[in-house]
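Examination of the molecular architecture
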Amino acid sequence: MLKDFSFHSPEQKITHPLYISKDIPVWFKRDDMIHPFISGNKWRKLKYNLQKAQQQHQKHLVTFGGAWSNHLIATACAGASFGFSTEAYVRGEAVHNPVLAMCKLFGMKLHFISREDYRNREQLWKTLQANPDICLIDEGGSGIEATWGCKEIVTELTQSYQHIFCAAGTGTTAAGIASALAEIAPATQLHIVPVLKGGDFILEEMKKLHASTTQTVLHTDYHFGGYAKTTPQLLTFVKDFIAQTGIMIEPTYTGKALFALHQMITDNVFQPHERILFVHTGGLTGLLGMLERFED
Ligand SMILES: *Cc1c(COP(=O)(O)O)cnc(C)c1O
């Protein structure tokens, strides 16, 4: 199904006691259902990189990421699916974990490099770039091709919304969504929830990717201490939401963005009947490193 590059993820209306009590209809764009391993926005971000690599007859995908990266496993599986060999430079000392073990199952070759070498990877990048057989994809799959794929989150929608909510790490997904909204839905507000501390940088990143930010509202107070940090309140929220809806979310990205949405609905920020879309950006393999945090 993935090979023709045309899978549309479902858009589902979700029943939850909060949405009912406040009379706010909430739909989820289920990008988590795109694929179990090439999941969510990581597929969106890879799509046009893969197409370009195919057109240029490149044989190898080389990328970068942290040891729990959703992008690494997506690239590993996409490589195996589309007939590319894959290699990744992993930040930090050599470790074993379920995400990296699955990357290896998909045939990905892993090179662990120190945090310092990882930060200063331009030389390595230049050397790799000189090989015409290699398609280089940066950390998290960022870049202008990635925004083209993310625009399709909006162009695929079957109805219009007053508000769209999405988590942000690098802001690439937000940039794609904002670009599409500027073209086809200028009245829709885009609510972006940075999962890192000091998330104001997201607006700059979006501008670098040629996205207009006039429809964007940043909610920078939902990082819960920083990237991959959690609190008991966030973990309880994630657990309750999963049990109440049957939709799996995780605390690194989707849990924080959805927490922000629920807080705003609770605070009556929206009028009854305003239509809201939450973009489920997937990334559920990230949960594998966090399951023990839910035990108390
Ligand atoms: C990577 C990721 C994000 C962040 O996407 P950016 O384009 O880097 O902002 C959001 N949600 C999930 C589930 C992710 O895996």
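As the structure is a prediction and not an experimental result, all values here were calculated from the model.

What counts and how
Residues numbered from 1 in each chain as written. Predicted model: local features only at pLDDT ≥ 70, side-chain atom pairs only at ≥ 80, totals over all residues. Heavy atoms only, no water. Helix = DSSP H or I, 4+ residues; strand = E, 2+ residues; numbered from the N terminus. Rg over C-alpha atoms; globule rule 2.2 N^0.38 Å. Buried < 20%, exposed > 50% of the residue type's maximum accessible area, 1.4 Å probe, protein only. Contact = heavy atoms within 4.5 Å. Areas by Shrake-Rupley, 256 points an atom, 1.4 Å probe, with all protein chains shown as cover. Salt bridge = Lys/Arg side-chain N within 4 Å of Asp/Glu carboxyl O. Axes fitted to C-alpha atoms, helices over the stretch in contact; angles between N-to-C directions. Parallel < 35°, antiparallel > 145°, perpendicular 65-115°, else oblique. Left-handed = near helix turned anticlockwise from the far one by under 90°. Arc of directions from axis to C-beta. Polar contact = N/O pair within 3.5 Å; in protein donor to acceptor, adjacent residues only side chain to side chain.

Topic: the overall build of the protein chain
- Helix and strand counts for the protein chain come out as 11 helices and 10 strands.
- What you see for the protein chain is a C-alpha radius of gyration of 19 Å, in line with the 19 Å of a compact globule of 296 residues.
- The dimensions of the protein chain, computed from C-alpha atoms along their principal axes, are 55 × 45 × 35 Å.
- In the protein chain, buried positions account for 55% of the 296 residues.
- The long-range share in the protein chain, meaning contacts at least 24 apart out of those at least 6 apart in sequence, stands at 74%.
- When the accessible surface of the protein chain is summed, it comes to about 13,200 Å², and 53% of that surface belongs to carbon and sulfur atoms.

So, the pattern of salt bridges
- In the structure shown here, the tally under the stated rule is 12 salt bridges.
- Between E152 and K47 there is a salt bridge; the shortest N-O distance is 2.6 Å. One end of the pair, E152, is in helix α7 (residues 144-155); the other, K47, is in helix α2 (residues 40-55), and 105 residues separate them in sequence.
- K52 is paired through a salt bridge with E145; the nearest N and O atoms lie 2.6 Å apart. With K52 in helix α2 and E145 in helix α7, the pair connects residues that are 93 residues apart, well separated along the chain.
- Take K52: its relative accessible area is 35%, and that puts it in the partly exposed class.

Observations concerning the packing of α7 against helix α8 (residues 172-184)
- Packing of α7 against α8 leaves a shortest axis separation of 7 Å and a crossing angle of 55 degrees. If you check the angle between α7 and α8, you find them oblique. Considering only the axes of α7 and α8, their crossing is right-handed. Every residue of α8 that contacts α7 at A146, T147, C150, K151, I153, V154 and T155 is listed here: T172, T173, A175, G176, I177, S179, A180, L181, E183 and I184.

Let's talk about helix α4 (residues 98-105)
- Those residues of α4 lying buried are V99, L100, M102 and C103. Buried residues along α4 cover an arc of 160 degrees about the axis, so they all sit on one side.
- Regarding α4, its N-cap is N97, as a side-chain oxygen of that residue lies 2.8 Å from the backbone nitrogen of V99 further along.
- One or two steps after α4, the chain reaches G107, where phi turns positive at roughly 95 degrees.

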